[in-house]
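What follows is each chain in one-letter form.
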Amino acid sequence: MTALSPTSALDPTATTATSGPQTPPAVATGPSTAPDVSVTQDVEATARRAKTASRRLATATRATKDAALHALADALVAATAEIVTANAQDLERGRENGTSAGLLDRLALTPERIVAIADALRELAALPDPVGEVVRGSTLPNGLRLRQVRVPMGVVGMIYEARPNVTVDAAGLALKSGNAVILRGGSAAARSNEIIVDVLGRALAAQGLPADLVQSIDRHGRPGAVALMHARGLVDVLVPRGGADLIQTVVRESTVPVIETGVGNCHVYVDASADQTSALEILLNSKTQRVGVCNAAETLLVHADAAPQFLPAALAALDEAGVVLHGDPRTAELAPDGIEILAATDDDWAREYLAPEIAVRVVPDLDAAIEHIRTWTSGHTEAIVTRDLASSERFVAELDSAAIMVNASTRFTDGAQFGLGAEIGISTQKLHARGPMGLAELTTTKWVVHGDGHVRP
């Protein structure tokens, strides 16, 4: 594992692609981590403006919010040339700085991707408004009428890596769920995010809504991120999204409540009974459809009975797709001539590659597969390919990740694919939210009690 310095841990540009059960590096405390007074004051002022804006949005109708989402989508498409030009500057700087291919892919914006991002906002507009939804209600024996209703969080902070699409997703989700959002997107996407936030702010103002609903503190760099983490009382919840060191630094250092999103050390297990044609299609989609995302497969496990027939074809297909192969000795034995298998180490079993690389192991049975995943998983997504109902039921029951796929690609763990619209992240924790976080996960609840002069005896 490549340890990051305290500074790089909060610079999402420098986040590592390593995950697993290893202990993240310690973060220094004291004067070196404290933002200067002017940065703190500016971030707090930003948060106060966001709080004021969120109060206005909390009373907005669904029609108002949906119209604004469509306006944001139209504004982004209209500004495509400007956004792509800014993004090209970020990409060029990233190449010069040696940014990995996976992060460059996440960073890249094309006209087609901008259209897709805009379409995601329109899809959000079509979803039900969670605000005001009655979660449960009852009338007590004494006549008190109780309702638990969804309400906005208020101000949501985001600290994330080189993904300008997250800037739009966060803004759209926050708007629909009645929240303001403060963004810290990192230096890798600085120009892209600057233009996007400006476009979104102008579109909001044109709709009669506060531009302060979407604000960025990128200009303050890491000290701004630290100030955001310490803005308890002004920021209601903080969502980190990126590599393991970034996320764990925010979880440890923040005084603002944090929803922990997780890195994706995702597994595909091919059981003895698997349909091997289907298994190969699921594997290739899980690994190669897009490598630089958290729901891409990073480890392939194959039952020993299926391995002699399945692995040679699977390894050849992965190799042809340009995937670097790390494997155990049995995998190396079964590899076709001319295909290189690098010796897999514990670091490989723990790694979120975010790149065209995969670790491969032959396991004797389902028990061994489950034990391997329990040991190395980041708790994101696991997939089993099997025709055995008992195996699938055990896999589902005995593994404790946020999403379990049965005969389906890991790439489906996604807010849009789940019908939730855009997501603000994939939560791998167990409190409040787990899995893809959509609109409902950006709300909390409050109790509304109606009485008729009731007093407690």
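Residues numbered from 1 in each chain as written. Predicted model: local features only at pLDDT ≥ 70, side-chain atom pairs only at ≥ 80, totals over all residues. Heavy atoms only, no water.

A.B. asks: Could you clarify how one ought to interpret the overall build of the chain in this entry?
C.D. replies: Within the chain one finds 16 helices and 16 strands. The globule rule puts the C-alpha radius of gyration for 457 residues at 23 Å, and the 23 Å found for the chain is close to it. Each of the 457 residues in the chain was classed as buried or not, and the buried ones make up 55%. Taking the intrachain contacts of the chain between residues at least 6 apart in sequence as the baseline, contacts between residues at least 24 apart amount to 74%. Charge-centre separation for the chain: the mean point of 39 positive side chains lies 11 Å from the mean point of 54 negative side chains. (Helix = DSSP H or I, 4+ residues; strand = E, 2+ residues; numbered from the N terminus. Rg over C-alpha atoms; globule rule 2.2 N^0.38 Å. Buried < 20%, exposed > 50% of the residue type's maximum accessible area, 1.4 Å probe, protein only. Contact = heavy atoms within 4.5 Å. Lys, Arg positive; Asp, Glu negative; His and termini not counted. Charge placed at Lys NZ, Arg CZ, Asp CG, Glu CD.)

A.B. asks: Would you explain the packing of aromatic side chains in this entry?
C.D. replies: Geometrically, a pair of aromatic rings is defined through the distance of the ring centres and the angle of the planes. Counted according to the given criterion, the structure contains one aromatic pair. Ring centres of Tyr269 and Phe395 lie 6.3 Å apart, and the angle between their planes is 15°; on these two criteria the pair is classed as stacked. Of this pair, Tyr269 sits in strand β7 (residues 266-270) while Phe395 sits in helix α16 (residues 389-398); the two residues are 126 residues apart in sequence, bridging distant segments of the chain. (Phe/Tyr/Trp six-rings, centres within 6.5 Å; stacked < 30°, edge-to-face > 60°.)

A.B. asks: Would you mind showing me how to read the layout of surface pockets here?
C.D. replies: Considered as a void within the structure, the largest pocket measures approximately 840 Å³ in volume. Elements with a minimum of two residues in the lining of the largest pocket: α6 (111-126) and α7 (164-176). If you tally residues by element for the lining of the largest pocket, the top one is α6, at six residues. Considering only residue class, the lining of the largest pocket consists of ten nonpolar, eight polar and eleven charged. (1 Å grid on protein atoms, 1.4 Å probe; cavity = no way out; pocket = protein on both sides within 12 Å on 5 of 7 lines; lining within 4 Å. Points joined across faces, edges and corners; volume = space filled by probe spheres on them. Nonpolar A, V, L, I, M, F, W, Y, C, P; charged D, E, K, R; others polar.)

A.B. asks: How should the sheet that holds strand β1 (residues 134-139) be read in this particular structure?
C.D. replies: Each strand in a sheet pairs with its neighbour through backbone hydrogen bonds, running either in the same direction (parallel) or in the opposite one (antiparallel). The sheet built from three strands is open, its strands ordered β1-β2-β16 with antiparallel pairing. Unpaired on one side and paired on the other, β1 and β16 (443-450) mark the two borders of the sheet. Each neighbouring strand pair of the sheet contributes to a mean axis angle of 20°, computed without reference to strand direction. Alignment of β1 against strand β2 (residues 145-152), held across five bridges, turns out to be antiparallel. Counted as the bridge partner of Gly137 is Arg147 from β2. (Pairing = 2+ DSSP bridges. Axes fitted to C-alpha atoms, helices over the stretch in contact; angles between N-to-C directions.)

A.B. asks: Help me understand unusual backbone geometry, please; the structure alone is not making it clear to me.
C.D. replies: At Leu354, a position not held by glycine, the phi torsion is positive, near 50°. When you line up the elements, Leu354 lands in the loop between α14 (346-350) and β11 (357-363). Even without being a glycine, Asn407 presents a positive backbone phi close to 55°. Mapped onto the elements of the fold, Asn407 is located in the loop between β13 (403-406) and β14 (426-427). The exposure class assigned to Asn407 is partly exposed, which follows from its relative accessible area of 38%.

A.B. asks: Whenever I open this one, the pairing of strand β12 (residues 381-385) confuses me. Can you help?
C.D. replies: It is a general feature of regular strands that their side chains alternate between the two faces of the sheet. With respect to burial, β12 is a largely interior element, five of its five residues being buried. In β12, alternate side chains face the same way, and those of Thr381, Ala383 and Val385 on one face and Glu382 and Ile384 on the other are all buried. In this sheet, β12 lies alongside β7 in parallel orientation, the contact comprising four bridges. By the bridge assignment for β12, Tyr269 is matched with Ile384. Inspection of the sheet shows β12 paired to β13 by four bridges, in the parallel sense. Bridge assignment links Thr381 to a residue of β13, and that residue is Ala403. Note on the crossover from β12 through α16 to β13: the handedness is right-handed. (Right-handed = clockwise from strand over helix to strand, strands pointing away.)

A.B. asks: Would you mind showing me how to read the domain arrangement of the chain here?
C.D. replies: Put simply, an interface is often sized by how much accessible area is lost when its parts join up. Entries for the chain in the domain assignment read domain 1 (37-253) and domain 2 (266-419). When each unit is reduced to the centre of its C-alpha atoms, the spacing between domain 1 and domain 2 is 33 Å. Each side of the interface is counted separately: domain 1 has five residues, and domain 2 has six residues. At the boundary of domain 1 with domain 2, total buried surface from both sides reaches about 530 Å², with 39% on carbon and sulfur atoms. Its largest share of buried area at the contact with domain 2, domain 1 owes to Gly102, Asp105 and Arg106, together 65% of the area lost on that side. (Domains from an automatic or database assignment. Buried area = accessible area lost by both parts, 1.4 Å probe.)

A.B. asks: Honestly, the environment of Val302 in this entry has me stumped. Any pointers?
C.D. replies: Its place among the elements puts Val302 in strand β8 (residues 297-303). Between the C-alpha atom of Val302 and that of Pro364, which follows or precedes it by 62 residues, the distance is 8.4 Å.

A.B. asks: When you look at the nonpolar core in this model, what are you seeing that I'm missing?
C.D. replies: Inside soluble globular proteins, nonpolar side chains tend to come together where they are buried. By size, the foremost hydrophobic cluster in this structure holds 73 residues, and its most contacted members are Leu76, Met158 and Leu175. Filtering out sequence-adjacent residues up to four positions away, Met158 remains in contact with Val166, Ala170, Val181, Ile182, Leu183, Arg184, Leu228, Leu238, Val239, Arg241 and Ile424. In this structure, Leu311, Ala314, Leu318 and Ala383 belong to the second largest nonpolar core, which totals 29 residues. (Core = buried A, V, L, I, M, F, W, Y, C linked by side-chain atoms within 4.5 Å.)

A.B. asks: It is not clear to me how the sheet that holds β11 should be interpreted in this structure. Could you clarify?
C.D. replies: Taken in spatial order, the seven strands line up as β10-β9-β11-β8-β7-β12-β13 in an open sheet, and their pairing is parallel. Strand pairing shows two members of the sheet lacking a second neighbour, β10 (342-343) and β13, which therefore form its edges. Across the sheet, helix α11 (residues 276-288) lies against β7, β8, β11 and β12, angled at about 160° from β8, the strand it touches most.

A.B. asks: Help me out: how do you make sense of α16 in this one?
C.D. replies: Given 3.6 residues per helical turn, the α-helix brings residues three or four places apart onto the same face. Residues Ser391, Ser392 and Phe395 constitute the buried set of α16. In an axial view of α16, the angular spread of the buried residues amounts to 95°, which keeps them on one side of the axis. Summarising the geometry of α16, the exposed residues directed more than 90 degrees from the buried face are Leu389 and Ala397. Looking at the buried positions of α16, the neighbouring elements they touch are β7, α15 (366-376), β12 and β13. (Arc of directions from axis to C-beta.)

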